[in-house]
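# Breakdown of the fold
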Amino acid sequence: MERISRSAWLTLAVVSVAVFMVAMELTIIALALPEIRAALPGTTPAALSWVVNAYSIVVAALLLLSGWLADRYGRRRIFRLGLVIFALGSIAAGASNSIGILIAARALQAVGGSMQYPAGLALLLTAFPRERHQTAIGAWGAMGGLAAALGPALGALLIEAFGWRAVFYINVPFAVASLLLGARVLPASHLDRTRGRVDMIGVPLASFGVGVIILGIVQGEAWGWTSGSTLVAFSAGAVMIAAFVARSLRHPAPLFDLGLMRIRTFVLGNLGSLFFAIGFFSLVVPLPSFIRDLWDWSVIKTGLAYGVGSIVSFVVAPQAGRLADRIGNAPLLTAGSICGVAGALWLTFTISAEPALGPLLVGTVLVGVSAGTGFSQLVGAALRDIPAERYAMATAGRTTFFQLSVAFAIALAFTVIGQPVNIARELEAYRTTWIMCAGAYACNLVLFGIVYPRRRFRREAVTYPSGP
């Protein structure tokens with residue numbers, strides 16, 4: 001097996017710091033929402049929700065464009081520009097004196113975040129030998145898990161010591177560190193000037209199409225799933241995505257190369273991401289509300305118990321990455337799916353309205369193992385057979401679909417849970433959700449245990465438009 005160079009490890013360090021920063025921002029922002037509402041006059045619950053939703057919508061809408069920009073104008077350049085924009089958005093968010101400015105600053109953060117993911121992962125995969133890609137992806141993904149584990153505790157300390165603005169300002173030193181180190185160690189990438197001019201019609205079709213679908217998902221519960229606003233959002237998004245696909249089939253330089261969809265592992269990896277999102281996020285996102293509502297635990301106690309699974313995920317992910325270099329992604333995803341099924345069913349049959357830390361920890365540890373063998377391994381499974389010149393584009397497409405899957409999974413969970421009228425109904429609703437999660441994990445068990453191919457794809461069978 002080829003030796004990993006020092007420059008490759010340094011590249012991993014730079015892109016990992018960036019993913020840690022972005023992932024941590026997602027976990028600590030929820031803790032700051034009550035303080036933000038109290039500090040900014042006229043902040044309504046609906047407006048407060050947009051502090052979170054604006055980021056999700058803009059990131060999902062711009063990922064495909066960011067991947068295309070990274071491949072065309074240089075991954076290092078786009079990655080570092082994303083760091084600068086994210087840092088500026090963080091400063092603007094921390095300095096906000098109205099909810100409108102804060103939401104706009106969060107959208108600016110999202111622009112920078114959307115540029116970092118596809119460019120950063122493409123830089124990482126280019127720096128590492130192909131047979132060591134799973135090691136790199138495992139370590140990269142583990143940093144996201146560490147951020148998720150540390151985020152709530154760090155956020156509580158920052159808010160307690162410095163106020164809510166600190167949860168945004170904390171991003172700046174991370175961004176500066178990545179910029180300074182990245183200037184020295186990130187490899188220059190080949191600029192793809194051969195694919196013609198960008199599809200000026202396809203870009204807005206894809207961005208607005210994905211954006212309005214995400215809007216419909218995140219606002220569906222508030223608007224009503226059968227309301228005119230929700231149906232218009234889904235219909236408009238579907239029409240724009242269909243038009244984008246039709247346009248991409250004819251254009252010599254599409255924003256997303258549909259030839260990638262002929263690679264079976266890419267398609268199956270994305271399908272697995274959908275099942276994983278339903279199994280994992282439908283369970284872990286509502287879980288703190290269950291603990292606090294039914295068990296009446298404090299924020300700190302809930303955070304400590306809830307964070308155990310994230311720590312397990314952080315420990316497991318890099319080990320899984322190294323193992324995947326030898327045995328492949330599918331066996332690890334199969335094992336992780338078994339843990340996910342076991343964890344969800346364990347919670348279903350052992351958790352009641354009476355507080356029980358032991359059963360909770362068993363379930364969250366099993367789900368944590370599923371995450372440690374899930375997040376990074378799904379990335380590796382989807383990108384296993386992607387040609388190097390399409391890393392950023394494929395990463396952008398995969399992450400866009402994953403963002404849609406996560407939003408769908410969370411909305412699905414809260415729809416199933418609904419507004420129970422008493423404790424017994426609430427417990428029943430959560431148990432129904434956990435059974436649904438077990439079913440989603442079981443789908444991945446079949447997908448990666450039986451369907452996913454063990455042999456690598458023959459790349460010469462795929463052709464890509466070369467442009468004029």
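For the structure, see preceding data.
Described in the following lines is the structure provided in the data block.

Calculation rules
- Residues numbered from 1 in each chain as written.
- Predicted model: local features only at pLDDT ≥ 70, side-chain atom pairs only at ≥ 80, totals over all residues.
- Heavy atoms only, no water.
- Disulfide = S-S within 2.5 Å.
- 1 Å grid on protein atoms, 1.4 Å probe; cavity = no way out; pocket = protein on both sides within 12 Å on 5 of 7 lines; lining within 4 Å.
- Points joined across faces, edges and corners; volume = space filled by probe spheres on them.
- Helix = DSSP H or I, 4+ residues; strand = E, 2+ residues; numbered from the N terminus.
- Nonpolar A, V, L, I, M, F, W, Y, C, P; charged D, E, K, R; others polar.
- Expected span 1.5 Å × (residues − 1).
- Bend = angle between axes of the 7 residues up to and from the residue.
- Buried < 20%, exposed > 50% of the residue type's maximum accessible area, 1.4 Å probe, protein only.
- Patch = residues over 30% accessible without salt bridge, like charges linked within 9 Å, V, L, I, M, F, W, Y side chains within 5 Å.
- Areas by Shrake-Rupley, 256 points an atom, 1.4 Å probe, with all protein chains shown as cover.
- Salt bridge = Lys/Arg side-chain N within 4 Å of Asp/Glu carboxyl O.
- Phe/Tyr/Trp six-rings, centres within 6.5 Å; stacked < 30°, edge-to-face > 60°.

This brings us to the state of the cysteines. Under the definition given, this model contains zero disulfides. Cysteine Cys339 remains unbridged, with the sulfur of Cys437 as its closest cysteine sulfur at 15 Å. Left without a disulfide partner, Cys437 is nearest to the cysteine sulfur of Cys443, which lies 12 Å away.

Another aspect to go through is the layout of surface pockets. In this model, the second largest pocket occupies a volume close to 500 Å³. As for the second largest pocket, its lining consists of 21 residues, and the residues nearest its centre are Ile241, Gly397, Thr400, Phe401 and Leu404. Put simply, the parts of the chain that give the lining of the second largest pocket at least two residues each are α8 (202-223), α9 (228-250), α10 (264-284) and α16 (391-417). The dominant element in the lining of the second largest pocket, judged by the number of residues it contributes, is α16, at seven residues. Grouping the constituent residues of the lining of the second largest pocket by class yields 16 nonpolar, four polar and one charged.

Our next topic: α10. In a regular helix each residue adds 1.5 Å, so 21 residues correspond to 30 Å; α10 covers 30 Å between its end C-alpha atoms and thus fits that length. Residue Ala277 marks the point of greatest curvature in α10, where the axis turns by about 25 degrees. Within α10, 17 of the 21 residues are buried, which leaves it mostly tucked inside the rest of the structure.

Now for a nonpolar patch on the surface. Together, Leu81, Val84, Leu88, Ile91, Leu108 and Tyr169 make up an exposed nonpolar region whose accessible area comes to about 480 Å². Here the nonpolar patch takes four residues from helix α3 (residues 75-94), the largest share from any one element. Positionally, Ile91 belongs in helix α3.

A separate point is the packing of aromatic side chains. On inspection of all chains with the given rule, the structure shows 21 aromatic pairs. Residues Phe281 and Phe402 carry aromatic rings whose centres are separated by 6.1 Å and whose planes lie at 65 degrees to one another, so their mutual orientation is edge-to-face. One end of the pair, Phe281, is in helix α10; the other, Phe402, is in helix α16, and 121 residues separate them in sequence. The interplanar angle of 65 degrees and the centroid separation of 5.7 Å between the aromatic rings of Phe290 and Trp295 together place this pair among those described as edge-to-face. Under the relative-accessibility criterion, Phe290 is labelled buried at 1%.

Turning to empty space enclosed by the protein, a few remarks are in order. In this structure the tally under the stated criterion is two cavities of 30 Å³ or more. Computed from the structure, the largest cavity encloses a volume of approximately 80 Å³. Lining the largest cavity are Val15, Ala18, Val19, Val22, Phe79, Gln116, Tyr117, Gly120, Leu121 and Trp140. Breaking the lining of the largest cavity down by element, the ones donating at least two residues are α1 (6-39) and α4 (99-127). Here the residues of the lining of the largest cavity are counted per class, giving eight nonpolar, two polar and no charged. Here the second largest cavity is characterised by a volume of approximately 50 Å³. For the second largest cavity, the full set of lining residues is Phe276, Leu333, Gly336, Ser337, Ser370, Thr373, Gly374, Leu378, Tyr441, Asn444 and Phe448. Those elements that provide at least two residues to the lining of the second largest cavity are α13 (329-350) and α17 (423-451). Considering only residue class, the lining of the second largest cavity consists of five nonpolar, six polar and no charged.

Any link to function would need more than the numbers given here.
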